[in-house]
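Residue-level listing of the chains:
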Amino acid sequence: MKYNGSDIERIFNENLCLAMTGLESIPIARGRKPSFQGLNGWVYEQTIHSCLEDELLLQDITLPITQQKTLKGRAKVDLFVGLNTAVEIKAGGIFGDDAERYQKYCNIAAGLGWTYLYITKKETHKPYYDATKAVFGSDAAFFLDEETGWHDFVNAVIRANGTNKAGS
């Protein structure tokens, strides 16, 4: 593997800084620092997308990756990889009743024949960690503060798309 959880965190932080500096520098901002909900999440999604593309290329695997694919109605998944793999990306884990919503999404994805994976930087609140594992399953919920989190996530994407090339 090219990356690990620490690498992903570093790349995210570097690019978040670049995004904020870039937005601050556009004429209408007049030097004001951006402060709106969603920027961290968007940069984190782009980080995961970019690093996943790098990992697949490293293993000579070509899979289409699209962003914000409709799951059902207004519900979207952050990434859709190959023909059947939905990926939910959270920079800060889940909150409150998110587990109920994601359980519904998991059921919809299963009905479509999709594999539904979840990846986040970390989850420090044990009840939310346990809820995430319960909803997505131990083999489909990945936490990048865990030693093999990134490695296991990439391999899950590869396996879900029917290739035997699992990285080391």
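Refer to the structure presented above.
Cut-offs applied
- Residues numbered from 1 in each chain as written.
- Predicted model: local features only at pLDDT ≥ 70, side-chain atom pairs only at ≥ 80, totals over all residues.
- Heavy atoms only, no water.
- Patch = residues over 30% accessible without salt bridge, like charges linked within 9 Å, V, L, I, M, F, W, Y side chains within 5 Å.
- Areas by Shrake-Rupley, 256 points an atom, 1.4 Å probe, with all protein chains shown as cover.
- Salt bridge = Lys/Arg side-chain N within 4 Å of Asp/Glu carboxyl O.
- Helix = DSSP H or I, 4+ residues; strand = E, 2+ residues; numbered from the N terminus.
- Core = buried A, V, L, I, M, F, W, Y, C linked by side-chain atoms within 4.5 Å.
- Buried < 20%, exposed > 50% of the residue type's maximum accessible area, 1.4 Å probe, protein only.
- Contact = heavy atoms within 4.5 Å.
- Expected span 1.5 Å × (residues − 1).
- Polar contact = N/O pair within 3.5 Å; in protein donor to acceptor, adjacent residues only side chain to side chain.

Observations regarding a nonpolar patch on the surface
On the surface, a nonpolar cluster with roughly 380 Å² of combined accessible area is contributed by Leu-23, Ile-26, Ile-28 and Phe-36. Within the secondary structure, Ile-28 is located in the loop between helix 1 (5–25) and helix 2 (39–58).

Overview of the nonpolar core
Ile-48, Leu-52, Tyr-116, Ile-119, Phe-136, Trp-150 and Phe-153 are the most contacted members of the largest nonpolar core, which totals 49 residues. The greatest single-element share of this core, amounting to seven residues, is contributed by helix 2. Those residues in contact with Trp-150 that lie beyond four places of it in its chain are Tyr-3, Asn-4, Gly-5, Ile-8, Ile-48, Cys-51, Leu-52, Glu-55, Ile-119 and Leu-144.

Notes on helix 1
The end-to-end C-alpha separation of helix 1 is 30 Å, in line with the 30 Å expected for 21 residues at 1.5 Å each. Taken together, the buried residues of helix 1 touch helix 2 and helix 5 (149–160). Where helix 1 begins, one side-chain oxygen reaches toward the backbone nitrogen of Ser-6, 2.8 Å away; that side chain belongs to Asn-4.

Concerning helix 5
Under the 1.5 Å per step criterion, the end-to-end length of helix 5 is 16 Å for twelve residues, consistent within 8% with the ideal 16 Å. Most of helix 5 is tucked away, with nine of its twelve residues classed as buried. Along helix 5, the residues classified as buried are Gly-149, Trp-150, Phe-153, Val-154, Asn-155, Ala-156, Val-157, Ile-158 and Ala-160. Summarising the contacts, the buried residues of helix 5 are in contact with helix 1, helix 2, strand 2 (75–81), strand 3 (85–90), strand 4 (115–120) and strand 5 (141–143). Looking one or two residues beyond helix 5, the residue adopting positive phi is Gly-162, at roughly 75°.

Some words on the pattern of salt bridges
On inspection of all chains with the given rule, the structure shows seven salt bridges. A salt bridge links Lys-121 to Glu-9; the nearest nitrogen and oxygen atoms lie 3.9 Å apart. Of this pair, Lys-121 sits in the loop between strand 4 and helix 4 (126–136) while Glu-9 sits in helix 1, placing them 112 residues apart in sequence. Residue Glu-9 is classed as partly exposed on the basis of its relative accessible area of 30%.

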